[in-house]
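Take a look at the letters that make up each chain.
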Amino acid sequence: MRRSQFSYDLPQNLIAQQPLPGRGDSRLLVLSGSSAQIEDSTFRRLPDLLEPGDLLVLNDTRVIPARLFGRKPSGGRVEILVERPQGERVALAHLRASKALRADMTILIDGGGEARVLGRHGDLFRLSFDSDLMAILDRCGHVPLPPYIGRDDMQSDRERYQTVYADRPGAVAAPTAGLHFDETMLASLARKGIEQARVTLHVGAGTFQPVRVDEVRDHRMHSEWLQVTEETCRTISAAHARGNRVVAVGTTVVRCLETAAAGGELSPFEGLSNLFIYPGYEFRVVDAMITNFHLPESTLLMLVCAFAGTEAVLAAYRHAIRQRYRFFSYGDAMFVTGNRQGCRQ
């Protein structure tokens, strides 16, 4: 399976640089994986696609302002992107500087505070901060907007690059499928009898890491921390027992649930997962998903192709480009049901 099989041509002007005025203002492309049928809709019509008793599973992670800027004692500029806090004052982070950073070097953070380099941890650096990390990020940090958004972050991104149900701080990228939901939509779904459950996956910067190998199976997937509770497992099992669907809001939720079911049965899970889902994967839990449009040749696009079929998904993407849908994090959404081979019957 070659990386090039997941390529498509995207005009740059279709990459959304700003969110729409309202969270629910986006368009929604509906794709049936079993028939490859495509329908153009709007996100506000999502309740029409769901039945009473269906279960939405949401990722309640909260994006932290994880990008810091600073300088070495010599004056050289340093950019810190916190990947994973490891306590109140320690974190794993990506560092970018003009020259290599060595252990015990101190970084002076713009806005106040210091970080000391403890050493390397694979591709990351382990840093020790001189005071509470979350306080430093809240005071000095910037929203780590994706690299394809060609502007600096603004104060408004602290709210809009965040789901309305975000609760547990730790992500450095938003679970973007959830950005379309507002309180009005959640209330409308509840009135229709659509249930909700929560999982947590702290999205890491690795979500933007390109697949650099030609053979897909040779790609080394990044790890992310996630938690699926016993209560969520019971709620999912009950939905399936009564014949309703489990609808994952985002690829992060898919990774959570499929990781928790990797042993054959859905069970509580807490820890790191490097699950890589690509065509040929047999889904155990998820029946439908809501997702944004993803980068060419990305692991997220491969996951959606595994769920609904590569040909069907890429045909839907070509349709979306012709119809000028908005792409990526601040873009439009898809509602996708699985193909007969890929999802639970």
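Quick note: structure is the one above.
The present account deals with the structure reproduced in this document. Keep in mind the model is a prediction, meaning the values are calculated, not measured.

Observations regarding the pairing of strand β1 (residues 27-32)
- With five of six residues buried, β1 is to be regarded as a mostly interior element.
- As paired elements, β1 and strand β2 (residues 38-42) share five bridges and run antiparallel to each other. Note that in β2 the partner of L29 across the bridge is D40.
- Hairpin connection between β1 and β2: a loop of five residues separates the two successive antiparallel strands, and A36 in this loop has a positive phi of roughly 65 degrees.
- With five bridges connecting them, β1 and strand β17 (residues 333-337) associate as parallel partners. Bridge assignment links L31 to a residue of β17, and that residue is V336.

Concerning the packing of aromatic side chains
- In the structure shown here, the tally under the stated rule is 14 aromatic pairs.
- Here F327 and F328 contribute two aromatic rings whose centre-to-centre distance is 5.9 Å and whose plane-to-plane angle is 85 degrees, an arrangement assigned as edge-to-face.
- Since its relative accessible area comes to 0%, F327 is described here as buried.
- Residue classification places F328 among the buried positions, given a relative accessible area of 4%.
- Put simply, the rings of Y8, Y148, F208, F293, Y317, Y325, F327 and F328 touch in pairs and so form one group of aromatic residues.
- Lying over the aromatic face of Y325, R27 brings its terminal NZ or CZ to 3.9 Å of the ring centre.
- Just above the ring of F125 sits the side chain of R120; from NZ or CZ to the centre is 4.3 Å.

Regarding the sheet that holds strand β7 (residues 90-97)
- The sheet built from six strands closes into a barrel, its strands ordered β5-β6-β7-β10-β9-β8 with antiparallel pairing. When strand polarity is set aside, the average angle formed by the axes of neighbouring strands in this sheet is 45 degrees.
- Judged from the seven bridges that link them, strand β6 (residues 77-85) and β7 form a sheet pairing that is antiparallel. Each bridged residue has a counterpart across the sheet, and for V78 the counterpart in β7 is A97.

Thoughts on the layout of surface pockets
- Size it by volume and the largest pocket reaches roughly 1,200 Å³.
- As for the largest pocket, its lining consists of 36 residues, and the residues nearest its centre are L81, E83, H94, A205 and G206.
- When residues of the lining of the largest pocket are traced back to their parent elements, those giving at least two are β5 (67-71), β6, β7 and β10 (124-129).
- Residue contributions to the lining of the largest pocket peak at four residues, all from β6.
- Here the residues of the lining of the largest pocket are counted per class, giving 16 nonpolar, nine polar and eleven charged.
- Its boundaries defined by the atoms lining it, the second largest pocket holds a volume of some 390 Å³.
- Contributing to the lining of the second largest pocket are 28 residues, with Y148, T207, F208, H294 and L300 lying nearest its centre.
- Every element with two or more residues in the lining of the second largest pocket is listed here: α5 (251-260) and β16 (288-292).

Here's the deal with the state of the cysteines
- For the structure on display, the rule yields zero disulfides.
- Unpaired in terms of disulfides, C256 finds its nearest cysteine sulfur in C233, a separation of 11 Å.
- On the basis of relative accessible area, C256 is assigned to the buried category, the value being 0%.

Notes on helix α3 (residues 183-192)
- Buried residues of α3: M185, L186 and L189, and no others. Axial view of α3: buried residues confined to an arc of 100 degrees, hence all on one face. Residues E183, T184 and R191 are exposed on α3 and point more than 90 degrees away from its buried face.
- Contacts made by the buried residues of α3 are with β3 (55-59) and β12 (195-201).
- Looking at the residues trailing α3, positive phi occurs at G193, about 95 degrees.

Structural notes on the sheet that holds β1
- Taken in spatial order, the nine strands line up as β2-β1-β17-β16-β14-β3-β12-β13-β15 in an open sheet, and their pairing is mixed. The open sheet is flanked by β2 and β15 (269-273), the only strands paired with a single partner. Averaged over all pairs of adjacent strands, the angle between strand axes in this sheet comes to 25 degrees, irrespective of strand direction.
- Relative to strand β14 (residues 246-249), β3 is paired through three bridges, and the arrangement is parallel.

Quick look at empty space enclosed by the protein
- Counted under the stated rule, the structure contains three cavities of 30 Å³ or more.
- Considered as a void within the structure, the largest cavity measures approximately 110 Å³ in volume.
- As for the largest cavity, its lining consists of P19, L20, G22, R23, S26, R160, L179, H180, R326, S329, Y330 and G331.
- Each residue belonging to the lining of the largest cavity can be placed in one class, and the counts come to four nonpolar, five polar and three charged.
- In this model, the second largest cavity occupies a volume close to 60 Å³.
- L201, V203, T207, M221, H222, E224, T251, T252, R255, T299 and L300 are the residues that line the second largest cavity.
- Looking at the lining of the second largest cavity, the elements with two or more residues in it are α5 and α6 (299-308).

What counts, and where the lines are drawn
- Residues numbered from 1 in each chain as written.
- Predicted model: local features only at pLDDT ≥ 70, side-chain atom pairs only at ≥ 80, totals over all residues.
- Heavy atoms only, no water.
- Buried < 20%, exposed > 50% of the residue type's maximum accessible area, 1.4 Å probe, protein only.
- Helix = DSSP H or I, 4+ residues; strand = E, 2+ residues; numbered from the N terminus.
- Pairing = 2+ DSSP bridges.
- Phe/Tyr/Trp six-rings, centres within 6.5 Å; stacked < 30°, edge-to-face > 60°.
- Lys NZ or Arg CZ within 6 Å of the ring centre and 35° of its normal.
- Axes fitted to C-alpha atoms, helices over the stretch in contact; angles between N-to-C directions.
- 1 Å grid on protein atoms, 1.4 Å probe; cavity = no way out; pocket = protein on both sides within 12 Å on 5 of 7 lines; lining within 4 Å.
- Points joined across faces, edges and corners; volume = space filled by probe spheres on them.
- Nonpolar A, V, L, I, M, F, W, Y, C, P; charged D, E, K, R; others polar.
- Disulfide = S-S within 2.5 Å.
- Arc of directions from axis to C-beta.
- Contact = heavy atoms within 4.5 Å.

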